[in-house]
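Here's the letter readout for the chains.
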Amino acid sequence: MPSFEGRVAVITGGGRGMGRAHARLLAAGGASVVVQDILEPEAQETVRMIRDAGGQGQAIICDVTDTRRLQHELTAMERRLGRLDILVNNAGIGSEATLEEITEEDFDRMFAVHVKGSFFAAQAVVPGMKARRIGKIINISSIWGMVGHHAASDYCAAKAALLGLTKAWARELAPWNIHVNAVAPGGVLTDMVLQQPNIETRMAEKIKLVPLGRYADPSEIAATVAFLASSEADFITGQVISPNGGQTIVGI
Amino acid sequence: MRHDLRDCVAIVTGAGSGIGQATAWLLAERGAAVLVQDIDAERAALTAARLDREGRDFDIVVCDIADPEADRHILATALARWQRLDILVNNAGIGIDRPIEQIDEIGFDRMIAVHVKGTFFTTKAAVPALKRSGRGRIINTSSRWALAGHDKASDYIAAKSAILGLTKSWARELAPYRITVNAIAPGGVKTAMVRETLGEVGIAAEEREVPLGRWCEPREIASTTAFLASTAAAFITGQVISPNGGKTMIGF
C-alpha cells in the first residue's frame, strides 16, 4: 500500500466529484491535502471529510483562471506547510456544445480553466519541487482528449492540450526527478453526470459502449492518480493512463 | 489503497529471473499465491528459494511455454494446487539483438513461438479459470521497443507488437467476464541478463538517453504489474503502460 506520509498534495477542483475522490484517497494514504476549488462550501466539505477520517486537509478558495491569485495562494500554502510534492490538475468544466454553439467566451473559459489553470498551477509549484528534487504532477485529461467526441470540441481540444503539457513537462522536469503523467478517465459516475436529465435511461445506452459494461466510481479514477503519485510509479513519466473500461483502446 | 492480493492465485511465466522474478516476489509479498513458471529449473528454484524463505504460498512448474501442451500443464498445476486462478502474468520472453541479416527462419520462428504463441496458448488454457474468478487479470509483457522501434531485433519487436494486438482484442473479448487485459511496455531495466550483455559502462551510456537519467530495477516494473493486478485497476482494460523513464512518449 503506497504511503504518502510526509507528503503534501494539491488537488485543484477538489470540492466535488473526482477531485474530491483524489483528495480523500491521498489523505487516507497519509498526505496532507490542499483542496483548491472555486466553490467554498464544497471545498470545505471535502476538508471536513478528510479531517473526520483522521487526515490533514486545508482549503484554497479561488478561480484557477485567476492565475495571479492561484499562484499567490499556492506559494503561501507552500510556505505554511513547508512543501508541495504532488499536484493534481483536476479542475475542469464540462460541455456538450456543438461547434456552432461555442462562443468565443465559452472557448476562452474552457482553455482558461483546463490549460491556463494547469499551466500556472504547475509554474507555482515547480520551483519547490526542483529544489527538493521530488515532484509528481498528474494532469487530468479525458478519453475525449484522446479520441474526440461528436460535440464539445472546445473541451476535447483543452483536454488534448493537457496531454501536450504532460509530455513536454515530463521531458523538461525529468532532470529534477519530477514525474509528469496524465490520467484520461472514461465514463465516471460523478454527481455532475448523475444530475443530467433522463440520466437513468441514457446511462443504459452509455454503458453499452463500454466493454466492461459500467461506468467507474470516482474512487477508481483516484486509485490510478494515487498510483502515479506514489513511489511505485517512479519510473513512469510522460505517459497517459486511461481507466475507461475498454471503451477507448487506441494508439501504440 | 486496495493493492492487497490476498486470496488471489497468480501465474507468472518466465519467473526465474529479471522482471518475472521480481513480479513473482512482489505479487507474493502482496498476498497472492504464486505459480513460478520457467524453462530453466535452476532459475525457477532461485526464485522459489526466496519465496520459501519468506513463507509464501507458491509452486513451481518447469516447461517451455512455446509448447501449447505445456501451457495446459501450467494451468493444471495451478488448479491442482489452489483450485482457482485470478492473475496471469505473461512475461516469459527471449531477447536477442540481431540485425535482419542474422535472423534465420529458426530464430524467427522461435521468437514468435515464445512471445506470441506462448502468450496466446498460456492464456487460452487459463481463460476458463479466469472467467470463474470474477476478477480475472491478464498482464502481458510487451516492450518500449514495440512502441518506438529499435535499430535491431526486428523479430523481437514484431513479437512484442503482436502482444499489444492480443492485449487489445482480449480486453474486448473478455470484458463481459470482468477480466481485464493490459500490457506493460518496459523501458530500460537493469536485469542480470542486461548487466551481463551491456556491462555497467554500457548501461550508463544508455541511461544518459533517458530523461529521468536512469534505468530501473526489475521491481519497479513489477510494481506496475501489481497495480494492474489489484482491484484498484478494475476499470483499466485494453491499455498499455510503459514505465520507461520518459524515453518514449507517444500516441494520443
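Reading guide: rules and limits
- Residues numbered from 1 in each chain as written.
- Chains lettered and ligands numbered in written order.
- Predicted model: local features only at pLDDT ≥ 70, side-chain atom pairs only at ≥ 80, totals over all residues.
- Helix = DSSP H or I, 4+ residues; strand = E, 2+ residues; numbered from the N terminus.
- Contact = placed C-beta atoms within 7 Å.
- Axes fitted to C-alpha atoms, helices over the stretch in contact; angles between N-to-C directions.
- Parallel < 35°, antiparallel > 145°, perpendicular 65-115°, else oblique.
- Left-handed = near helix turned anticlockwise from the far one by under 90°.
- Core = buried A, V, L, I, M, F, W, Y, C linked by C-beta atoms within 7 Å.
- Buried ≥ 20, exposed ≤ 12 C-beta atoms within 10 Å, placed from the backbone.
- Nonpolar A, V, L, I, M, F, W, Y, C, P; charged D, E, K, R; others polar.
- Pairing = 2+ DSSP bridges.

Trainee: Can you break down the overall build of chain B residue by residue, with the values?
Mentor: The helix and strand tally for chain B stands at eight helices and seven strands. When contacts within chain B are restricted to residue pairs at least 6 apart in sequence, long-range pairs at least 24 apart make up 74% of them.

Trainee: Lay out the interface of chain A and chain B in plain terms, naming residues and giving numbers.
Mentor: In this assembly, 36 residues from chain A lie in contact with 36 residues from chain B. Mapped by element, the contributors of at least two residues to the side of chain A that touches chain B are α6 (153–173), α9 (218–229) and β7 (240–241) of chain A. If one sorts the elements of the side of chain A that touches chain B by residue count, α9(A) sits on top with five residues.

Trainee: Before we move on, could you go through the packing of helix α1 (residues 17–28) of chain A against helix α2 (residues 40–52) of chain A and cite the residues and values that matter?
Mentor: Residues and elements named next belong to chain A. Where α1 meets α2, the closest approach of the two axes is 10 Å, and the angle between their N-to-C directions is 25°. When the interaxial angle is binned, α1 and α2 end up roughly parallel. For the pair α1 and α2, the sense of crossing is right-handed. Of the residues in α2, those in contact with Arg20, Ala23, Arg24 and Ala27 of α1 are Thr46, Met49 and Ile50.

Trainee: Quick rundown of the nonpolar core? Include the residues and the values.
Mentor: Buried together is how nonpolar side chains tend to be arranged in soluble globular proteins. Formed by 160 residues in total, the largest nonpolar core has its most connected members in A:Ala9, A:Leu26, B:Ala10, B:Leu27 and B:Val34. Ignoring anything within four residues of it in the chain, the contact list for B:Ala10 reads B:Leu27, B:Ala32, B:Val34, B:Asp86, B:Ile87, B:Val89 and B:Ala229.

Trainee: How would you explain the environment of B:Arg98 if you had to name every residue and give the values?
Mentor: Residues and elements named next belong to chain B. Structurally, Arg98 is set in the loop between β4 (87–90) and α4 (105–133). Since 16 C-beta atoms lie within 10 Å of it, Arg98 is described here as partly exposed. Among residues more than four places away in sequence, those in contact with Arg98 are Ile103, Lys152 and Ala153.

Trainee: If you had to explain the packing of α1(A) against α9(A) to someone new, which residues and values would you point to?
Mentor: Residues and elements named next belong to chain A. Viewed as axis vectors pointing N to C, α1 and α9 meet at an angle of 50°, and their least axial separation amounts to 8 Å. The angle between the axes of α1 and α9 places the two elements in the oblique class. As α1 packs across α9, the resulting crossing turns out to be right-handed. Across the interface between the two elements, Gly17, Met18, Ala21, His22, Leu25 and Leu26 from α1 touch Pro218, Ser219, Ile221, Ala222, Ala223, Val225, Ala226 and Ala229 from α9. Classifying every residue of the contact of α1 with α9 gives 11 nonpolar, three polar and no charged.

Trainee: Outline the environment of B:Lys152, supporting the account with residue identities and numerical values.
Mentor: Residues and elements named next belong to chain B. For Lys152, the location among the structural elements is in the loop between α5 (144–148) and α6 (154–174). Placed 38 residues apart in sequence, Lys152 and Val114 show a C-alpha to C-alpha distance of 19 Å. Residues within four places of Lys152 in sequence aside, it is in contact with Asp97, Arg98 and Pro99.

Trainee: Provide a residue-level description of the sheet that holds strand β2 (residues 32–37) of chain A, including the pertinent values.
Mentor: Residues and elements named next belong to chain A. Ordered by their spatial adjacency, seven strands build an open sheet running β3-β2-β1-β4-β5-β6-β7, and the pairing between neighbours is parallel. Bordering the open sheet on either side are β3 (56–61) and β7, each of which pairs with just one other strand. Bridge count for strand β1 (residues 8–12) against β2 is five bridges, and the pairing is parallel. Directly across from Val10, in β2, lies its bridge partner Val34. Here helix α4 (residues 104–132) sits on the sheet in contact with β1, β4 (86–89), β5 (135–140) and β6 (178–183), set at roughly 175° to β4.

Trainee: Quick one: what's the story with the sheet that holds strand β5 (residues 137–141) of chain B, residue by residue and with numbers?
Mentor: Residues and elements named next belong to chain B. If you trace the seven strands from one edge of the open sheet to the other, you get β3-β2-β1-β4-β5-β6-β7, paired in parallel fashion. Of all the strands in the sheet, the pair left with one neighbour each is β3 (58–62) and β7 (240–241). Pairing of strand β1 (residues 9–12) with β4 involves three bridges; the strand directions are parallel. Bridge assignment links Ala10 to a residue of β4, and that residue is Ile87. Running over the sheet, α4 touches β1, β4 and β5 and is turned about 175° from β4.

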